[in-house]
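A look at the structure
As a plain string of letters, each chain reads:
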Amino acid sequence: MEGFLKDFELEDKDRSIEALSRWRSAVSLVKNPRRRFRNVADLVKRARQEEKQKKIQGKFRAVINVQRAALHFTDAIGTPEFKVSEKTREAGFGIEPDDIASIVRSHDYKNYTKIGEVQGITSKLSVSVDEGVSQDKIHSRQEIYGLNRYTEKPSKSFLMFVWDALHDLTLIILMICALVSIGIGLPTEGWPKGVYDGVGILLSILLVVTVTAISDYQQSLQFIDLDKEKKKISVQVTRDGKRQKVSIYDLVVGDIVHLSTGDQVPADGIFISGYSLLIDESSLSGESEPVNIDGRRPFLLSGTKVQDGQGKMIVTTVGMRTEWGKLMETLSEGGEDETPLQVKLNGVATVIGKIGLTFAVLTFVVLTVRFVIEKAVDGDFSNWSSEDALKLLDYFAIAVTIIVVAIPEGLPLAVTLSLAFAMKKLMNDRALVRHLSACETMGSASCICTDKTGTLTTNHMVVDKIWICEKTMEMKGDESTDKLKTEISEEVLSILLQAIFQNTSSEVVKDKEGKQTILGTPTESAILEFGLVSGGDFGAQRRSCKILKVEPFNSDRKKMSVIVGLPDGGVRAFCKGASEIVLKMCDKIIDSNGTTVDLPEEQAKNVTDIINGFASEALRTLCLAVKDIDETHGETVIPETGYTLIAIVGIKDPVRPGVKEAVQSCLAAGITVRMVTGDNIHTAKAIAKECGILTEGGVAIEGPAFRNLSPEEMKDIIPRIQVMARSLPLDKHTLVTRLRNMFGEVVAVTGDGTNDAPALHESDIGLAMGIAGTEVAKENADVIIMDDNFTTIVKVAKWGRAIYINIQKFVQFQLTVNVVALITNFVSACITGAAPLTAVQLLWVNLIMDTLGALALATEPPNDGLMERKPVGRKASFITKPMWRNIFGQSLYQLIVLAVLNFDGKRLLGLSGSDATAVLNTLIFNSFVFCQVFNEINSREIEKINIFKGIFDSWIFLSVILSTAVFQVIIVEFLGTFASTVPLTWQFWLLSVLFGALSMPIAAILKCIPVERDTTNTKHHDGYEALPSGPDLA
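Residues numbered from 1 in each chain as written. Predicted model: local features only at pLDDT ≥ 70, side-chain atom pairs only at ≥ 80, totals over all residues. Heavy atoms only, no water.

Another point: the overall build of the chain. Helices and strands together make up the secondary structure of the chain, namely 38 helices and 26 strands. Along the first, second and third principal axes, the C-alpha set of the chain runs to 120 × 75 × 55 Å. Counting every position in the chain, which comprises 1034 residues, the buried fraction comes to 55%. For the chain, long-range pairs separated by at least 24 residues make up 74% of all intrachain contacts whose partners lie at least 6 apart in sequence. Summing over all exposed atoms, the chain offers an accessible surface of approximately 43200 Å²; the carbon and sulfur share of this is 56%. (Helix = DSSP H or I, 4+ residues; strand = E, 2+ residues; numbered from the N terminus. Buried < 20%, exposed > 50% of the residue type's maximum accessible area, 1.4 Å probe, protein only. Contact = heavy atoms within 4.5 Å. Areas by Shrake-Rupley, 256 points an atom, 1.4 Å probe, with all protein chains shown as cover.)

Now for the sheet that holds strand S8 (residues 431-433). Read across the open sheet, the eight strands follow the order S8-S26-S25-S24-S9-S21-S23-S22; overall the sheet is mixed. The strands lining the two open edges of the sheet, one partner per strand, are S8 and strand S22 (699-702). Pairwise comparison of adjacent strand axes, ignoring direction, gives a mean angle of 20° for this sheet. Pairing between S8 and strand S26 (residues 783-785): three bridges, direction antiparallel. Directly across from Val 433, in S26, lies its bridge partner Val 783. (Pairing = 2+ DSSP bridges. Axes fitted to C-alpha atoms, helices over the stretch in contact; angles between N-to-C directions.)

In terms of burial, strand S15 (residues 559-565) is largely enclosed, as seven of its seven residues are buried. Side chains Lys 559, Ser 561, Ile 563 and Gly 565 of S15 all project onto a buried face; the interleaved residues Met 560, Val 562 and Val 564 project onto the opposite face, where all are buried too. As judged from the five bridges shared by strand S14 (residues 546-551) and S15, these two strands associate in the antiparallel manner. Paired with Val 550 across the bridge in S15 is Val 562. In the sheet, S15 pairs with strand S16 (residues 571-578) via seven bridges, with the strands oriented antiparallel. In the sheet register, Val 564 faces S16, and the bridge partner there is Arg 572. Between S15 and S16, which pair antiparallel in sequence order, lie five residues; one of them, Gly 569, sits at a positive phi of approximately 100°.

In this section: helix H25 (residues 681-691). Among all positions in H25, only Ile 681, Thr 683, Ala 684, Ala 686, Ile 687, Ala 688 and Cys 691 are buried. Elements in contact with the buried residues of H25: helix H23 (601-616), strand S19 (619-629), helix H24 (659-668), strand S21 (672-676), S22 and strand S23 (721-725). Two or three places before His 682, at the opening of H25, Asn 680 has a side-chain oxygen 2.7 Å from that residue's backbone nitrogen. Among the residues trailing H25, Gly 692 stands out with phi positive, at a value near 85°. (Polar contact = N/O pair within 3.5 Å; in protein donor to acceptor, adjacent residues only side chain to side chain.)

Another point: the confidence of the model for the chain. Looking at the chain as a whole, the pLDDT averages 84, with 91% of positions reaching at least 70. Highest mean pLDDT in the chain belongs to helix H37 (residues 986-997) (95); lowest belongs to helix H3 (residues 43-70) (70). Across residues 74-79 the pLDDT falls below 50, and counting only partners more than four positions away or on other chains, this stretch makes six contacts in the model. (pLDDT = per-residue confidence, 0-100.)

Turning next to the UniProt feature "domain: Cation-transporting P-type ATPase N-terminal" (unreviewed entry) in the chain. Following the UniProt record, one finds the feature "domain: Cation-transporting P-type ATPase N-terminal" (unreviewed entry) at residues 117-186. A distance of 84 Å separates the end C-alpha atoms of residues 117-186, which is 60% helix and 0% strand. (UniProt positions renumbered as here; feature names shortened; annotations may be inferred.)

Turning to the packing of aromatic side chains, a few remarks are in order. According to the stated counting rule, one finds 13 aromatic pairs in the structure shown. On the basis of an interplanar angle of 85° and a centroid distance of 6.1 Å, the ring pair of Phe 930 and Trp 989 is categorised as edge-to-face. Taken together, the positions of Phe 930 in helix H34 (residues 916-938) and Trp 989 in helix H37 put the pair 59 residues apart, joining distant regions of the chain. An identical accessibility class is assigned to Phe 930 and Trp 989; each is buried. (Phe/Tyr/Trp six-rings, centres within 6.5 Å; stacked < 30°, edge-to-face > 60°.)

As a further point, take the domain arrangement of the chain. When cut into domains, the chain gives domain 1 (81-148 + 251-332), domain 2 (341-420 + 801-1008), domain 3 (431-457 + 656-788) and domain 4 (462-652). Spacing between the C-alpha centres of domain 3 and domain 4 amounts to 30 Å. Residue-level contacts link 14 residues of domain 3 with 15 residues of domain 4. Here domain 3 and domain 4 share an interface that buries about 1200 Å² over both sides, 46% of which is from carbon and sulfur atoms. When the buried area of domain 3 at its contact with domain 4 is split by residue, His 682, Thr 683 and Arg 726 rank highest and sum to 36% of it. (Domains from an automatic or database assignment. Buried area = accessible area lost by both parts, 1.4 Å probe.)

This part takes up a nonpolar patch on the surface. Residues Leu 357, Val 361, Val 365, Val 369, Ile 373 and Val 377 make up a contiguous nonpolar surface patch of roughly 490 Å² in combined accessible area. Along the polypeptide, Val 365 turns up in helix H14 (residues 340-377). (Patch = residues over 30% accessible without salt bridge, like charges linked within 9 Å, V, L, I, M, F, W, Y side chains within 5 Å. Salt bridge = Lys/Arg side-chain N within 4 Å of Asp/Glu carboxyl O.)

Another aspect to go through is a negative patch on the surface. Taken together, the side chains of Asp 130, Glu 131, Asp 136 and Asp 240 define an acidic patch exposed on the protein surface. Tracing the backbone shows Asp 130 in the loop between helix H7 (117-124) and helix H8 (138-145). (Lys, Arg positive; Asp, Glu negative; His and termini not counted. Charge placed at Lys NZ, Arg CZ, Asp CG, Glu CD.)

Moving on: the pairing of strand S4 (residues 268-280). Pairing between S4 and strand S7 (residues 305-317): ten bridges, direction antiparallel. Of the residues in S7, the one forming a bridge with Ile 270 is Ile 314. With two bridges joining them, S4 and strand S6 (residues 299-300) adopt antiparallel strand pairing. Bridge pairing in S6 links Ile 270 to Phe 299.

Most often, soluble globular proteins have nonpolar side chains that are buried together. By size, the foremost hydrophobic cluster in this structure holds 150 residues, and its most contacted members are Leu 174, Met 442, Ile 765, Phe 790, Ile 807 and Val 811. Ranked by residue count, the leading element in this core is helix H31 (residues 790-832), at 19 residues. Counting only domains with at least three residues in this core, you end up with domain 2 (341-420 + 801-1008) and domain 3 (431-457 + 656-788). Not counting chain neighbours up to four residues away, the residues in contact with Leu 174 comprise Ile 201, Ile 205, Ala 397, Val 400, Thr 401, Val 404 and Leu 843. (Core = buried A, V, L, I, M, F, W, Y, C linked by side-chain atoms within 4.5 Å.)

Contact geometry of H37 with helix H38 (residues 999-1007) gives a least axis separation of 5 Å together with a crossing angle of 10°. With respect to H38, the axis of H37 lies roughly parallel. Of H38, the residues touching H37 (which contributes Phe 995, Gly 996 and Ala 997) are Ser 999, Met 1000 and Pro 1001. Each residue belonging to the contact of H37 with H38 can be placed in one class, and the counts come to four nonpolar, two polar and no charged. (Parallel < 35°, antiparallel > 145°, perpendicular 65-115°, else oblique. Nonpolar A, V, L, I, M, F, W, Y, C, P; charged D, E, K, R; others polar.)

Topologically, Val 348 is positioned in helix H14. Between the C-alpha atoms of Val 348 and Val 27, which are 321 residues apart in sequence, the distance is 9.7 Å.

What follows covers the UniProt feature "transmembrane region" (unreviewed entry) in the chain. Mapped onto this structure's residue numbering, the UniProt feature "transmembrane region" (unreviewed entry) falls at residues 158-182, 194-214, 351-373, 393-422, 815-837, 915-934, 955-976 and 988-1009. Within residues 158-182, the helical portion is 88% and the strand portion 0%, while the C-alpha atoms at the span's ends are 30 Å from each other. End-to-end, the C-alpha atoms of residues 351-373 are 33 Å apart, and along that stretch the chain is 100% helix and 0% strand.

Here we come to the pattern of salt bridges. Evaluated as defined, the whole model comprises 30 salt bridges. Residue Lys 424 is joined to Asp 225 by a salt bridge in which the shortest nitrogen-to-oxygen separation is 2.7 Å. Placement of Lys 424 in helix H16 (residues 410-428) and of Asp 225 in helix H11 (residues 196-230) is noted, with a sequence separation of 199 residues between them. Given a relative accessible area of 29%, Asp 225 falls into the partly exposed group. A salt bridge links Asp 904 to Arg 907; the nearest nitrogen and oxygen atoms lie 2.6 Å apart. Remark: Arg 907 and Asp 904 occur in helix H33 (residues 881-909); sequence separation between them is three residues, near one turn of the helix. Bridged by salt links that share partners, the residues Asp 451, Lys 732 and Asp 756 form one connected network.

Take the environment of Lys 732 next. Tracing the backbone through its elements, the reader meets Lys 732 in helix H28 (residues 729-743). For the pair Lys 732 and Glu 690, spaced 42 residues apart in sequence, the C-alpha separation works out to 22 Å. In this structure, Lys 732 is in contact with Asp 451, Val 676, Val 749, Thr 750, Gly 751, Asp 756 and Ala 759, ignoring residues within four places of it in sequence.

Here's what the structure looks like:
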């Protein structure tokens, strides 16, 4: 089979237009293109969208260039006149939405300065920079300036899905056949007998269309829920004088928004204040060069990203008045790329469809030729009646219905169904899937490169120890803080608190009751909390000094620095960050007497020992340092040397509950877990051992040592690396690239920072953190781990495996039905001149094996056994040898049963009389259906004998099986007029069920037959043996 699917190969990521086009052109025999390709990217619309995007970017670049040129002539032009409507003036605003939108969008610095810059803008928008928007004015702002929402395509109604289902070519042909049958039947056989066959087909089509539309509509609702979840982005704003989080969709013009590294600018606006604010405008301009935002270039545009720094902005334009809003309207047109499994199953459907079409044509030809020969033999060739026409029409309907059954349209659609179901469940498990293919790929993951902080640990940090004035003190409650105050001088405590409160990107805010809340990262919050309980006053400290320059923390620098102007006119620099880095910047230290003394090399080694001691206790260590600068407030260069070491802080971040078990589950599943962290190597090793990641023989390496290795050395050491400490984002990217290219690993990688974006993009599955992650990281990820928990990552892997195995189960089940239905009708047509299964019966069988089969098997929840087998390789065959064994074995059994009944049933069962043929054909149909019902249960396990394990965990499966059996009884006993069946005795019902039930022991016997197994690569590159699978796991 794999040989026929070469055109249906698709990469997990970075698919080319050629690959996407190739498989589309290779697909043939599509019964319903509207339905089959609903969840496939529209390449024509996508090309159109890219053209629109380029036009918008070109227009944006042109406007910026014109404005830059116009700056030279600003003095020659007078003050702008903006007319304000009565409605706007009555609402208390001094500028129209389109006017302010035009100033920011076109970077109109001339008119911006004429208005009065930030002060003028805030005045016209009736807002205070310090207080922000008043809550009771939000509605009036939305009324005048609009909502921060973008135009979206309306979702499809249920009737649209019914309409799509009716576009099935084979169903349309059958409808025509049914109408012709009624047209011929009424004059020849009269009412109501003449309409039974036609109405039977029409009712079957109605049932198929209704069930299909309901299934598709339910899927669409799940995708809509998922899409809403993807768009949930929060930003920090100041409202009513309080800093708070709001959804970007609740932003209004006038809001004061706080931006930091990795944020997406949520609306167009004007820069108020900030430090080193670097904006990536490539999403709008197409240019990769970041832009420095300051008072001279204050315009911020929606959809751009904060690459570095932090700042405050005032929102001036929202929603569809922004360029980003117009761009977002076009982005939804092309649709999401199809997944590799969807493409592969389109290929399988095409191959099987061609075989089915051949059988259908042959069946029609054989039936027609036999009929013509029989008429010729009877000497009746020249005499043709309407009954003969009905018979030929019936043959044609059977041939068309064989095509309906033969083309497994449900195969690629089952993937969508399974993915929709899995993504809904994962959303409940706190994992948000951004790209469909990630669900599939995660099932093949052989390696997870995970961060430490917040993923393996709780991210609830507290200062546990502090080393200051050459003394180590444990921080346990109020007694510890009292001891700290007595052990060190007031002067040292004052400089410590100054270092804590001045050099921070976090804030301490008070609510209406006066309760203090810290807004910021967990590390910053832990240090600020320590400062507050030590008697510090955040507000007083910040008011006493003027911040002159800030160098924010990022994962490359691993430190944060600030220069402040002191009340007495002096200038002071503070630095905090990774202990080894900050320690190297220090040449002085505060000794046990509270005096600043030189820091000789020997003393520096002692300090390093303190750091390592803290780290070996799994504490995260930070150094705080200070330097007085003999300059005026004009000093802007942050020094890199000459600091005085104030203190070493040890922050405790406990391992999350359940992480050790989750890591063990990964190792048992053949997934290697590697910790990649920016922390000290001793801290990293201590946590890794506690989690079970660092094992005997495993290597812990530091980023600088790793990046200096040669390619040959990397090839030797990478398989054994379990911990990488003090790593840069570039090291993570290098590790991921080497694992994929050198060793063929399927790599999942976690990331939260802006600089993690390349590694997230390069990996097979990028996992961004929902709490600690920046918007840039989330945008480059495939899955967002909303609770930042490693155990959630393992759930994603488990569901990924469940999707793959569920689709395999469904394929096995459907191919068995295909083989039996095709061969039974074809052989019977050749030998007896009649098909035992009518068009209506085949439509019911098609519904069982297609929509209902997919619903039952493709939505089974994962079980623990999935994490006891090795990952599926990149190039592994989808239809495995055990599957072929099961398909052929079950098909052979069913064909034998049906053949015996068809050719010798009357004699064996003692049937006679006028209704003998009708009873036999009903028994054949009933036995065939029950064989499929029991084979559906058999298909729950491809290799294990116990097929009932966990069956009660899947209510959908049980509902489908029960409803199929009940409806089969109704068809046979009460709808015989339309379905060409007659009521059966209880003995024949028992016999039908027995024939179906016998497939279960046969399935167990088949699973004991050994098939040739792929013995290559049974040993993982990390050295452990692959776990057994197949019959030995029964």
